[in-house]
Amino acid sequence: MTRILALLFGLALSAQAGLSRLDAISMLETGDTDSARGDAGEVSRYQLMPRVWRGYTNSTTYTDPAVSRAVAGQHLEYLETWFAHRAGRAPTEFEVYVLWNAGPTYYWRKQFSAEAVHRSIRERAERFVNLREKGKEMLKR
């Protein structure tokens, strides 16, 4: 477990130049819109399914940025840990977004292969990587 945490910490430090993972997810999912509702019922700026949200809190204040960030942070930590446990390594930035957008079982069924991911998810994951790497520079323009 210590090795997994060290890998995750290293990845977090390596992406300091751009947006944080949560900021990039929020921007991609809803353009930072707290009141966003997805077509499948997703809630908050992070577009979590209500059943996932309820796994972390009893609160239903989906539009509160502090609550939604706390819930999203917990879920992101779960996804990263889940992946590291099964793959034996920390997820890449690309994989973090695939896990977030399509879910861990989807990516597991794709045998953790980026090439096997649906084109639309792959394109969004590539945008996520760009936001992580260059997000702050892009926002300044």
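Data block above holds the structure.
Overview of the structure. As the structure is a prediction and not an experimental result, all values here were calculated from the model. (Residues numbered from 1 in each chain as written. Predicted model: local features only at pLDDT ≥ 70, side-chain atom pairs only at ≥ 80, totals over all residues. Heavy atoms only, no water.)

What to know about the overall build of the protein chain
Counting secondary structure elements, the protein chain contains seven helices and zero strands. Traced from its N-terminal end to its C-terminal end, the protein chain shows the element sequence α-α-α-α-α-α-α. Buried residues in the protein chain amount to 43% of all 141 residues. Contacts spanning at least 24 positions in sequence make up 51% of the contacts within the protein chain whose residues lie at least 6 apart. For the protein chain, the exposed area adds up to about 8000 Å²; of that, 52% sits on carbon and sulfur atoms. (Helix = DSSP H or I, 4+ residues; strand = E, 2+ residues; numbered from the N terminus. Buried < 20%, exposed > 50% of the residue type's maximum accessible area, 1.4 Å probe, protein only. Contact = heavy atoms within 4.5 Å. Areas by Shrake-Rupley, 256 points an atom, 1.4 Å probe, with all protein chains shown as cover.)

Considerations on the layout of surface pockets
In this structure, the largest pocket occupies an estimated 320 Å³ of space. If you trace the largest pocket, you find 14 residues lining it, with Met 49, Trp 100, Asn 101, Ala 102 and Gly 103 closest to the centre. Those elements that place two or more of their residues in the lining of the largest pocket are α3 (50-54) and α5 (93-102). Top contributing element to the lining of the largest pocket by residue count: α5, with four residues. Grouping the amino acids of the lining of the largest pocket by side-chain chemistry returns seven nonpolar, four polar and three charged. (1 Å grid on protein atoms, 1.4 Å probe; cavity = no way out; pocket = protein on both sides within 12 Å on 5 of 7 lines; lining within 4 Å. Points joined across faces, edges and corners; volume = space filled by probe spheres on them. Nonpolar A, V, L, I, M, F, W, Y, C, P; charged D, E, K, R; others polar.)

Side note on the side chain of Ser 68
With respect to the helices and strands, the residue Ser 68 is situated in helix α4 (residues 65-87). When neighbours within four sequence positions are excluded, Ser 68 is seen to be in contact with Asp 34, Ser 44, Arg 45, Tyr 46, Trp 53 and Tyr 62.

Quick look at the pattern of salt bridges
Per the stated rule, a full pass over the model turns up nine salt bridges. The partner of Arg 21 in a salt bridge is Glu 80, with the nearest N and O atoms 2.2 Å apart. Placement of the pair is Arg 21 in helix α2 (residues 21-30) and Glu 80 in helix α4, with a sequence separation of 59 residues. Connected through salt bridges with shared partners, the residues Arg 21, Glu 80, Glu 93 and Arg 132 form a single ionic network. (Salt bridge = Lys/Arg side-chain N within 4 Å of Asp/Glu carboxyl O.)

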